[in-house]
Every structure is written in structure tokens, then in C-alpha cells.
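The primary structure of each chain is shown beneath.
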Amino acid sequence: MSELIKKQVTDAKAHMDKAIDHCDGELQKIRAGKASPSMLDDIVVDYYGSPTPLSQVSSVNTPDARTIVVQPWEKSLLSAIEKAIMEANLGVNPQNDGVIIRINVPPLTEERRRDLVKRAKAEAETGKIAIRNIRKDANEKIRKLKAEGVSEDEMKTGEGEIQKLTDAYIIKVEVLSDAKEKDIMTV
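Asker: Before we go on, may I ask you to explain the overall build of the protein in this structure?
Answerer: Check the secondary structure of the protein and you find four helices and six strands. When its helices and strands are written in sequence order, the protein yields α-β-β-β-β-α-β-β-α-α. In terms of overall size, the protein is more extended than a compact globule, its C-alpha atoms giving a radius of gyration of 22 Å where 187 residues would be expected to give roughly 16 Å. Projected onto the principal axes, the alpha-carbon positions of the protein cover approximately 70 × 40 × 25 Å. Here the protein holds 187 residues, and 37% of them are scored as buried. Element-wise, carbon and sulfur atoms account for 51% of the exposed surface of the protein, whose accessible area totals about 10,800 Å².

Asker: I tried to follow the pattern of salt bridges on my own but got confused; where do I start?
Answerer: Any two side chains of opposite charge can pair, given that their charged atoms come close. On inspection of all chains with the given rule, the structure shows twelve salt bridges. Ionic pairing is found between E110 and R114, a salt bridge with its closest N-O pair at 3.5 Å. Taken together, the positions of E110 and R114, both in helix α3 (residues 110-144) and four residues apart, correspond to about one turn of that helix. Among the salt bridges present, the one from E152 reaches K146, with a minimum N-O distance of 2.7 Å. The class for E152 is partly exposed, based on a relative accessible area of 41%. For K146, a relative accessible area of 47% translates into the label partly exposed.

Asker: Hey, could you run me through the sheet that holds strand β4 (residues 67-72) in this one?
Answerer: Whenever strands of a sheet pair, they do so through backbone hydrogen bonds, lying parallel or antiparallel. Spatially, four strands are ordered β3-β4-β6-β5 in an open sheet, and the strand pairing comes out antiparallel. On the outer flanks of this sheet lie β3 (58-64) and β5 (94-96), each paired with one strand and no other. Strand-to-strand twist in this sheet, taken as the mean axis angle between neighbours without regard to direction, amounts to 25°. Here β5 pairs with strand β6 (residues 101-104) via three bridges, running antiparallel. Within the sheet, the bridge partner assigned to P94 lies in β6 and is I103. Packed on one face of the sheet, helix α2 (residues 78-87) meets β3, β4, β5 and β6 and runs near 165° to β5.

Asker: Which parts of the structure should I look at to understand the packing of aromatic side chains?
Answerer: The way to describe two aromatic rings as a pair is by their centre distance and the angle between their planes. Counted according to the given criterion, the structure contains one aromatic pair. Judged by centre distance (4.8 Å) and plane angle (65°), the rings of Y47 and Y48 are edge-to-face. Judged by relative accessible area, which is 62%, Y48 ranks as exposed.

Asker: Help me understand the packing of helix α1 (residues 3-29) against helix α4 (residues 152-185), please; the structure alone is not making it clear to me.
Answerer: Each packed pair of helices is defined by two parameters, the angle between the axes and the distance between the axes. Put simply, α1 and α4 touch, their axes get as near as 10 Å, and they point 10° apart. Taken together, the axes of α1 and α4 are roughly parallel relative to one another. For the contact of α1 with α4, the class distribution of residues is 13 nonpolar, five polar and seven charged.

Asker: Is there a simple way to think about the environment of D137 in this case?
Answerer: Locating D137 in the fold gives a position in helix α3. According to the relative accessible area criterion, D137 is partly exposed, its value standing at 39%. Spatially, the C-alpha atom of D137 lies 39 Å from that of E87, the residues being 50 residues apart in sequence.

Asker: Sorry, what's going on with α4 here?
Answerer: The α-helix advances 3.6 residues per turn, and as a result positions three or four apart in sequence lie on the same side. Taking 1.5 Å of rise per residue, 34 residues should cover 50 Å, and α4 covers 49 Å from first to last C-alpha, within 8% of that figure. Taken together, the buried positions of α4 are occupied by M155, G158, E159, I162, L165, T166, Y169, I170, V173, S177, K180 and I184. Buried residues in α4 make contact with α1 and α3.

Asker: Just checking my understanding: could you explain unusual backbone geometry for this structure?
Answerer: For residues besides glycine, phi is generally negative; the peptide bonds are generally trans as well. For Y48, which is not glycine, the phi dihedral falls at a positive 50°. Examined against the element boundaries, Y48 turns out to sit in the loop between β1 (44-47) and β2 (50-53).

Basis of the calculations
- Sequence order as written defines residue numbering, which begins from 1 separately in each chain.
- Per-residue local features are limited, in this predicted model, to residues with pLDDT of at least 70; the limit for side-chain atom pairs, both in listing and counting, is 80 or more; totals at the level of whole chains, interfaces and linings are taken over all residues.
- Excluding hydrogens and water, the side-chain values take into account all heavy atoms of the structure.
- We count a stretch as a helix when DSSP gives it H or I for four or more residues in a row; a strand needs E for two or more, and each element gets its number in order from the N terminus.
- Throughout, the radius of gyration refers to the C-alpha atoms, and the reference size of a globule is 2.2 Å times the residue count to the power 0.38.
- For every residue, the accessible area (1.4 Å probe, protein chains only) is compared with the maximum for its type, and the residue is labelled buried under 20%, exposed over 50%, or partly exposed between those bounds.
- Working definition of accessibility: Shrake-Rupley area with a 1.4 Å probe, residue cover restricted to the visible protein chains.
- Any Lys or Arg side-chain nitrogen found within 4 Å of a carboxyl oxygen on Asp or Glu counts as a salt bridge.
- A pair of strands is treated as paired once DSSP finds two or more bridges between them.
- To obtain an axis, a line is fitted to C-alpha atoms, over the contacting stretch when the element is a helix, and the angle between two such axes runs from 0 to 180 degrees between their N-to-C directions.
- Only heavy atoms matter for contacts: two residues are in contact if any of them lie within 4.5 Å across the pair.
- Working definition: a ring pair exists when centres of Phe, Tyr or Trp rings (six-membered ring for Trp) sit within 6.5 Å. Plane angles under 30 degrees give stacked, over 60 give edge-to-face, the rest tilted.
- Angle categories: roughly parallel below 35 degrees, roughly antiparallel above 145, roughly perpendicular from 65 to 115, and oblique for all the rest.
- When residues are grouped by polarity, Ala, Val, Leu, Ile, Met, Phe, Trp, Tyr, Cys and Pro land in nonpolar, Asp, Glu, Lys and Arg in charged, and all others, Gly among them, in polar.
- In this scheme, a helix's expected span is set at 1.5 Å multiplied by one less than its residue total.

On their own, these measurements won't tell you what the molecule is for.
In C-alpha cells, the structure reads:
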């Protein structure tokens, strides 16, 4: 295999790794009945007029499986954090005791679990689509190498390597999705 094709395969692998990481991150945000600090990752707080991620203005931890505790670094931020959590529409009700904010995560109903499984499958499908798009881009780049003197056989070999990568990464997405589905459906 020529160096030009090897570079395309390496680039595609790097992009697919990023797609897997993104898919995994999105799946982690879907709650599975257990409290997790990652549930609050997307929350942005108004910090003296500028939108700031919650993790940069407070510590977020889970003392037990059903509770999230948010401890702001400045007491004046308590109401702003509480408001941001309410507006995030997570289906939880923050309780402000003047020092920290407690969030009790309710157990999931069967219907809610099914909805979350659907969301996880949709997220996994988005990951698979991203990987297929990376495959398409890599194959197009390999075909353009013909102008630089790459033979048909080398191009076919390169496209075969890209397809093997694609198959392997789609299996990785399915493994992530299956693990998340099992986690969600476990009562």
C-alpha cells in the first residue's frame, strides 16, 4: 500500500476514534436511573452576566445512587444555579438549602426507560452515520489519488482497509449502545 493511501487510512481511523468518543459522551448524558454528575454537563449558569458551565462555578458529586449535590464556590450563585437546573428541563427538582443544592433523581418508570432506550438507539445511529460519512470521505480522497499515480489495485486495497475500519467501528458503536440499553433497562 502506498504512503498516500496509508495516510488516508490513518486519518480515517483518527476521525472514527473521535466519532466513537463523541457517541460515547452523548450516551453517557442519557440517565439510566442512577444519579451521575454528567447529567448536569450541559447546564450553563449566568455568572456575572456571562454564560459559564456549571462545572466551572461549583463542584458536582453524587453521595449516593439517587442524589446529586451541587456546591457552588460562591454562595451568591445558588439561585442562579437552581434556576439553570430548572430551565434545563431534566425532569428533576433541585432543592436549595442555602449552602448546597440537592437533586433527588427519581426512579425511572417502564415507559420512561423505553423512551431513553429509543434515545440511546437514535444516538447510536447518529454515531454510525458519522462513521459511514467518514468512510465516504476517505474513499473519495483515495479515488482522487489516482491523479497522483496511485494504481487501481492500491486504491481497491485502500478502500478495503477503510471498509474494515468502518465495520470495526460500527461494531464498537453497537457495543456502546447495547451496554447503555442494558444499563437503562436494569431496575
